[in-house]
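Each chain, letter by letter, is given below.
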Amino acid sequence: MTSLFCTKTRRGAAVAAAALIFLLAAVAAHAQQEQNYVGSARCGECHDEQYEFYSKNSKKARSWHSVERMQRKLTPSELESCYDCHTTGHGRPGGFVSHETTPQLADVGCETCHGPGGRHAESGDPADIKRTPTLEDCQRCHNSDRIQDFKFKPLRFSGAH
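Caption draft 1: Up close: the overall build of the protein chain. Secondary structure summary: the protein chain contains nine helices and zero strands in total. By the burial criterion, 24% of the 161 residues in the protein chain qualify as buried. Taking the intrachain contacts of the protein chain between residues at least 6 apart in sequence as the baseline, contacts between residues at least 24 apart amount to 52%. When the accessible area of the protein chain is evaluated, it comes to approximately 11200 Å², of which 58% is carbon and sulfur surface.

Caption draft 2: Focus on the state of the cysteines. Going through the model one piece at a time under the given rule, you end up with one disulfide. Linked covalently through their sulfurs, cysteine 85 and cysteine 141 form a disulfide whose S-S length is 2.3 Å. The sign of the -95° torsion about the S-S bond sets the cysteine 85-cysteine 141 disulfide as left-handed. Of this pair, cysteine 85 sits in helix 5 (residues 76-86) while cysteine 141 sits in the loop between helix 8 (135-138) and helix 9 (147-150), placing them 56 residues apart in sequence.

Caption draft 3: Geometry of the nonpolar core. One finds Tyr37, Trp64, Val67, Leu79, Tyr83, Phe96, Leu105 and Ala106 forming the largest nonpolar core, which totals eight residues. Elements with a contribution of two residues or more to this core: helix 4 (63-70) and helix 5. If we skip the residues at most four places from it in the chain, valine 67 touches Leu79, Cys82, Tyr83 and His86.

Caption draft 4: Expanded view of the packing of helix 4 against helix 5. Running from amino to carboxyl end, helix 4 crosses helix 5 at an angle of 170°, the nearest separation of the two axes being 10 Å. Taken as axis vectors, helix 4 and helix 5 run roughly antiparallel relative to one another. In the packing of helix 4 onto helix 5, the handedness of the crossing is right-handed. Counted together, Ser63, Trp64, Ser66 and Val67 of helix 4 and Leu79, Cys82, Tyr83 and His86 of helix 5 form the full contact between these two elements. A per-class count over the contact of helix 4 with helix 5 returns five nonpolar, three polar and no charged.

Caption draft 5: Representation of the pattern of salt bridges. Summed over all chains, the structure comprises five salt bridges. In this structure, glutamate 52 and lysine 56 form a salt bridge, with 3.0 Å as the shortest nitrogen-oxygen distance. Of this pair, glutamate 52 and lysine 56 both sit in helix 3 (residues 48-57), four residues apart, which is roughly one turn of the helix. One continuous salt-bridge network, built from bridges that share partners, spans Arg42, Glu45 and Glu122.

Caption draft 6: Broad picture of the environment of lysine 130. Note on placement: lysine 130 falls in the loop between helix 7 (118-123) and helix 8. The class of lysine 130 is partly exposed, set by a relative accessible area of 33%. Taking the C-alpha atoms as reference points, lysine 130 and cysteine 113, separated by 17 residues in sequence, lie 7.9 Å from one another. Side chain to side chain, lysine 130 and aspartate 137 meet in a polar contact 2.7 Å long.

Caption draft 7: Region of the structure containing the packing of aromatic side chains. Counted according to the given criterion, the structure contains four aromatic pairs. For the pair tryptophan 64 and tyrosine 83, a centre-to-centre distance of 5.8 Å together with 25° between the ring planes defines the contact as stacked. Of this pair, tryptophan 64 sits in helix 4 while tyrosine 83 sits in helix 5, placing them 19 residues apart in sequence. Tyrosine 83 shares its class with tryptophan 64; the two are buried. Consider the rings of tyrosine 83 and phenylalanine 96, whose centres lie 5.0 Å apart with planes at 70°: the pair is edge-to-face.

Definitions and cut-offs
- Residues numbered from 1 in each chain as written.
- Predicted model: local features only at pLDDT ≥ 70, side-chain atom pairs only at ≥ 80, totals over all residues.
- Heavy atoms only, no water.
- Helix = DSSP H or I, 4+ residues; strand = E, 2+ residues; numbered from the N terminus.
- Buried < 20%, exposed > 50% of the residue type's maximum accessible area, 1.4 Å probe, protein only.
- Contact = heavy atoms within 4.5 Å.
- Areas by Shrake-Rupley, 256 points an atom, 1.4 Å probe, with all protein chains shown as cover.
- Disulfide = S-S within 2.5 Å.
- Core = buried A, V, L, I, M, F, W, Y, C linked by side-chain atoms within 4.5 Å.
- Axes fitted to C-alpha atoms, helices over the stretch in contact; angles between N-to-C directions.
- Parallel < 35°, antiparallel > 145°, perpendicular 65-115°, else oblique.
- Left-handed = near helix turned anticlockwise from the far one by under 90°.
- Nonpolar A, V, L, I, M, F, W, Y, C, P; charged D, E, K, R; others polar.
- Salt bridge = Lys/Arg side-chain N within 4 Å of Asp/Glu carboxyl O.
- Polar contact = N/O pair within 3.5 Å; in protein donor to acceptor, adjacent residues only side chain to side chain.
- Phe/Tyr/Trp six-rings, centres within 6.5 Å; stacked < 30°, edge-to-face > 60°.

Following this line, the structure appears as structure tokens:
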């Protein structure tokens with residue numbers, strides 16, 4: 001009788017553990033989708049007018065060129081620090097890693113201001129994206145240490161749309 005009870009208990013524990021693992025995997029997949037950067041071109045599939053304006057008028061759409069021009073003069077750690085403000089999502093889950101592996105995130109794109117767009121791109125729900133960036137969002141890169149260097153003036157649309 002004891003061995004039958006132990007077998008049922010072990011089997012029940014195994015089923016519960018498997019269910020917990022499945023649940024954790026589902027939560028992780030949802031979190032990854034939410035944090036997934038898709039690149040500005042993907043945003044342009046639905047927001048074509050804004051994407052076209054951004055592509056033609058925003059310096060942010062060509063920010064990788066600044067990195068390319070400077071990279072020969074920088075140490076690897078200095079270069080890495082440039083990525084935080086000259087790419088999309090660097091140092092964040094699903095963000096820019098390198099020009100070779102994540103070229104779609106090599107410029108300052110839509111998701112720099114509006115957050116990772118994976119979930120929004122799948123759902124189309126405006127609630128799944130940050131619609132109105134704040135000045136604090138801009139100040140992650142355009143801060144008091146850099147204002148003199150870049151002559152930053154907070155603009156509502158900054159040539160993006």
